[in-house]
Amino acid sequence: MDLFSRSWAALRTAVAELPDEDFSRPSGCAGWLVRDVVCHLIVDAQDVLITLVTPAETEPTRDAVTYWNLVEAPTGDDPLDALTVRLAAAYEEPWLLKFHLDDVGSAAGRAAERADPSARVGTRDVVLTTGDYLAAYVLEWTLHHLDLIAHLPDAVEPPPEGLARSRELLEKIAGAAFPASFSDTDALLIGTGRRVPSEAEQAELGELGQSAPKLPLVLG
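About the criteria used
Residues numbered from 1 in each chain as written. Predicted model: local features only at pLDDT ≥ 70, side-chain atom pairs only at ≥ 80, totals over all residues. Heavy atoms only, no water. Salt bridge = Lys/Arg side-chain N within 4 Å of Asp/Glu carboxyl O. Helix = DSSP H or I, 4+ residues; strand = E, 2+ residues; numbered from the N terminus. Buried < 20%, exposed > 50% of the residue type's maximum accessible area, 1.4 Å probe, protein only.

The chain goes by Maleylpyruvate isomerase N-terminal domain-containing protein in an unreviewed UniProt entry, where it is assigned to Streptomyces sp. 900129855.

Caption draft 1: Local environment of the pattern of salt bridges. Scanning all chains against the criterion turns up eleven salt bridges. Among the ionic pairs, Glu-171 bridges to Arg-167, the shortest N-O distance being 3.2 Å. Here the residue Glu-171 and the residue Arg-167 both occupy positions in helix α6 (residues 160-174), the gap between them amounting to four residues, near one helical turn. Both residues of the pair, Glu-171 and Arg-167, belong to the buried class. A salt bridge links Glu-201 to Arg-195; its shortest N-O distance comes to 2.9 Å. A relative accessible area of 14% means that Glu-201 is categorised as buried.

Caption draft 2: Fine view of unusual backbone geometry. A positive phi is found at Glu-92, a non-glycine position, where the angle reads about 65°. One can find Glu-92 in the loop between α3 (79-91) and α4 (94-114). With a phi angle near 65°, Asp-125 is a residue other than glycine that sits in the positive phi range. Relative to the helices and strands, Asp-125 resides in the loop between β1 (120-123) and β2 (126-129). Residue classification places Asp-125 among the exposed residues on the basis of a relative accessible area of 85%.

So, in C-alpha cells, the structure goes:
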C-alpha cells in the first residue's frame, strides 16, 4: 500500500514538473507522445477510484501477478489507444492535463491510503484483495513513469523501491529472473519491449529470451 502511494506520488510529481514543451515530445510508449501518457494516467486514476468503490463478495480470483494478462503488441489500431491520443490532443494546453491529473490523481491516492488491504474488489471481471490490486499498480506506475521520462533525462525518476518491486513482479510473470547484471530499469525496459537488448544483453538473457512466455512481455 505504501509503495503504491510512493510510486504514484513520484509519477505525479514528475508530470507536474514537466515544462510545457516536453508534452509534445515522444515517450517510451510506442506511438504515444508524453501528453498521451499523461492522458492515459488520468484514465488509470479514474479506474483506481472506480475499482476501490466496487466491492466483491466472492473469493479472489487473481493476485498482483496474475492480474496481468499477456497480450499482443499494440499496433495503433486499438480503439481505446486511438481514443487516448484524441483525448490528449483535445486538452490543447499542458496545464489542463496537469490540472486534471492532479485533481483525479490526488483523489485516487487518498482513496488508496484509506483502503482496507484485505477487502475484496472487482475489476475487469476478476476479484482481488485491495492490497493485491494496488500492488499490481506499482508495476503500472513504474512502467509509465519510465515511458514519461524516456527522452527527458532531467525528469524525476521512479523510486528505486518501486523499480525493484516492479522487476520482481515482471520476473514472476515471466517465470524466470533477469540477469543479475541488468539494472532494474533495464530489466523492465527490455522485458516489456521498451528497449531492444544489445547483443551482449541478448546473450545474457539466454533461455529467458527464448522461453514461454517469450520476451517482450506485453501487459494488458
